[in-house]
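What follows is each chain in one-letter form.
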Amino acid sequence: MVTQKIMADLEAKHPGESEFLQAVREVLLSVEDVYNQHPEFEKNKIVERLVEPDRILTFRVVWEDDKGELQVNRGYRVQFNNAIGPYKGGIRFHASVNLSILKFLGFEQTFKNALTTLPMGGAKGGSDFSPRGKSNAEIRRFCQAFMLELWRNIGPDQDVPAGDIGVGGREVGYLYGMYKKLQREHTGTITGKGLEFGGSILRPEATGFGALYFVNQMLEEKGIDIKGKTVAISGFGNVAWGAATKAVQLGAKVVTISGPDGYVYDPDGISGDKIDYMLELRESGNDIVAPYADKYPSATFYPGRKPWERKVDIALPCATQNEVSATDAQQLIDNKTLCIAEVSNMGCTEEAATLFLQNKMLFAPGKAVNAGGVATSGLEMSQNAMHLSWTAAEVDQRLHHIMSSIHGQCLKYGKEPTGYINYVKGANIAGFMKVAKAMIDQGPI
Ligand code: 2IT
């Protein structure tokens, strides 16, 4: 494989799909050596096939706002690759959603899901609908209208959506309710459901919990104890909340959270009712974090700034893609940050990730760190298929096991002769090998 040639072709074919091209480039650069050692990959055109989604659905979503006016949005589902299992991946509702973002997410999801050890293919969907400032009734009408189109293309063995940015428990409930009404079957198609109707007990906190289990292993590998370490978290959504909860449980001290409006620094630590307050902030629907500093006098709000300027031991981007720039990365390096783990998908720009690797930082990519979310979705699928529900302890134990396995795969493929663990390379090669082998074994389809 000549990465440059493949990338040039892709760039010509998809100009402007910058996030998708970024995600592909990162994977191809990581797997290039392994690819060249396996002539069967080239022979089977694995990369050429992998970068082309199985199919992309786009559709119109018409809904009525509270003023009685009709609104029109665009809905998508990118069914990226089902070589190892049914399509699986979240739905994102955010004004920024476009095909480039959903293709990057679907591509990443394919490898992430492969890492989980569970049989799930990769997909992603969503809409440019912005939940910000919308009433509950508007959200409900939008979710129902979205599902009115999507339902024919999903199913328990076909494609199982879930939440992502802008899609939490409430939205999953509305989406699933409509799906069930149209399909007339209670198959559990969509994960992140309420506990009363087939949800898995740990799904809301799973992404954050899994991320901290992974971070803990990264630190342990270096002989570092997480207890007493300071943590900068960005975002204040479901993922940030789960990460903060588990960080505190493990004895670390979380000192920041952030929103599109800026970040709050709380040197006393964000724990207990302060973590619960994050949920309240989110539920207000205003998408701002500033009120935290009004409620808790120990905190200061820094408008328009990012938490990476704080000197901390551990940095956890938990908000969205490309939220850590090269400048932020340099700051984190200069601050001698012990560990940077992407909890958001592709939380670092290409330049930032390169800087971390060049400086031999303890750095891990989203597809490994945040895989606990989709893994627990996979466990929800298993429970639904078996018509039973596991206890929190059972789910947590499986989540632990899965995160350890992902860490082990990163070590296997990412440990360099110098002893440095390149988690980016490790995760990409491990995920790629599994998907590539499945594709070859199933023939050129
Ligand atoms: O990025 C992700 O892994 C998710 N949004 C979760 C996907 C899922 O199917 O649970």
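Residues numbered from 1 in each chain as written. Predicted model: local features only at pLDDT ≥ 70, side-chain atom pairs only at ≥ 80, totals over all residues. Heavy atoms only, no water.

## Quick look at the sheet that holds strand β9 (residues 300-303)
Thought 1: Spatial strand order, β9-β8-β7-β6-β10-β11-β12: seven strands in an open sheet with mixed pairing. Either end of the sheet is taken by a strand with one partner, and the two such strands are β9 and β12 (362-364). Recorded for the sheet is a direction-independent mean angle of 15° between the axes of neighbouring strands. (Pairing = 2+ DSSP bridges. Helix = DSSP H or I, 4+ residues; strand = E, 2+ residues; numbered from the N terminus. Axes fitted to C-alpha atoms, helices over the stretch in contact; angles between N-to-C directions.)

## Some remarks on the side chain of Asn428
Thought 1: In this fold, Asn428 is placed in helix α17 (residues 423-441).
Thought 2: The class of Asn428 is buried, set by a relative accessible area of 0%.
Thought 3: Side-chain polar atoms of Asn428 contact the side chain of Glu26, separated by 3.0 Å. (Buried < 20%, exposed > 50% of the residue type's maximum accessible area, 1.4 Å probe, protein only. Polar contact = N/O pair within 3.5 Å; in protein donor to acceptor, adjacent residues only side chain to side chain.)

## Here's the deal with the packing of helix α2 (residues 18-37) against α17
Thought 1: Look at α2 against α17: their axes get within 9 Å of each other, and the N-to-C directions meet at 70°. As far as their axial angle goes, α17 and α2 are roughly perpendicular. As α2 packs across α17, the resulting crossing turns out to be right-handed. Taken together, the residues of α17 that come into contact with α2 (itself represented by Glu26, Val27, Ser30, Val31, Val34 and Tyr35) are Val424, Lys425, Asn428, Ile429, Phe432 and Met433.
Thought 2: Classifying every residue of the contact of α2 with α17 by side-chain character gives eight nonpolar, two polar and two charged. (Parallel < 35°, antiparallel > 145°, perpendicular 65-115°, else oblique. Left-handed = near helix turned anticlockwise from the far one by under 90°. Contact = heavy atoms within 4.5 Å. Nonpolar A, V, L, I, M, F, W, Y, C, P; charged D, E, K, R; others polar.)

## Side note on the environment of Thr207
Thought 1: Here Thr207 lies in helix α8 (residues 203-221).
Thought 2: On the basis of relative accessibility, which here comes to 8%, the residue Thr207 falls in the buried class.
Thought 3: For the pair formed by Thr207 and Val374, sequence separation is 167 residues and the distance between their alpha carbons is 7.6 Å.
Thought 4: Discounting residues that sit within four places of it in the chain, Thr207 has contacts with Val239, Val343, Asn370, Gly372 and Gly373.

## Re the site of the ligand
Thought 1: Around the ligand, a shell composed of 13 residues is seen, among which Lys88, Lys112, Asp164, Arg203 and Ser377 lie nearest.
Thought 2: Between Gly163 and the ligand, the recorded distance is 3.1 Å, taken from a backbone N or O atom to a nitrogen atom.
Thought 3: The contact in question runs from an oxygen atom of the ligand to an N or O atom on the side chain of Arg203, over 3.0 Å.
Thought 4: Starting from 300 Å² of accessible surface for the ligand in isolation, the protein chains cover 94%.
Thought 5: The set of elements that each furnish at least two residues to the shell around the ligand consists of β3 (87-93), α5 (99-115) and α15 (371-386).
Thought 6: Among the elements that take part in the shell around the ligand, β3 stands out by supplying three residues, more than any other.
Thought 7: Looking at side-chain class alone, the shell around the ligand contains two nonpolar, six polar and five charged residues. (Near = heavy atom within 4 Å. Areas by Shrake-Rupley, 256 points an atom, 1.4 Å probe, with all protein chains shown as cover.)

## Re the environment of Arg140
Thought 1: As for its position among the elements, Arg140 is in helix α6 (residues 136-150).
Thought 2: Linking Arg140 and Ala95, residues 45 residues apart in sequence, is a C-alpha distance of 17 Å.

## Remarks on α6
Because the α-helix completes a turn every 3.6 residues, residues three or four places apart line up on one side.
Thought 1: Taking 1.5 Å per residue as the helical rise, α6 with its 15 residues ought to reach 21 Å, and the 21 Å between its terminal C-alpha atoms agrees with that figure.
Thought 2: The complete set of buried residues in α6 reads Glu138, Ile139, Phe142, Cys143, Ala145, Phe146, Met147 and Leu150.
Thought 3: Where α6 is buried, its residues contact β1 (55-64), β2 (70-81), β3, β4 (121-127), β5 (159-162) and α7 (169-183). (Expected span 1.5 Å × (residues − 1).)

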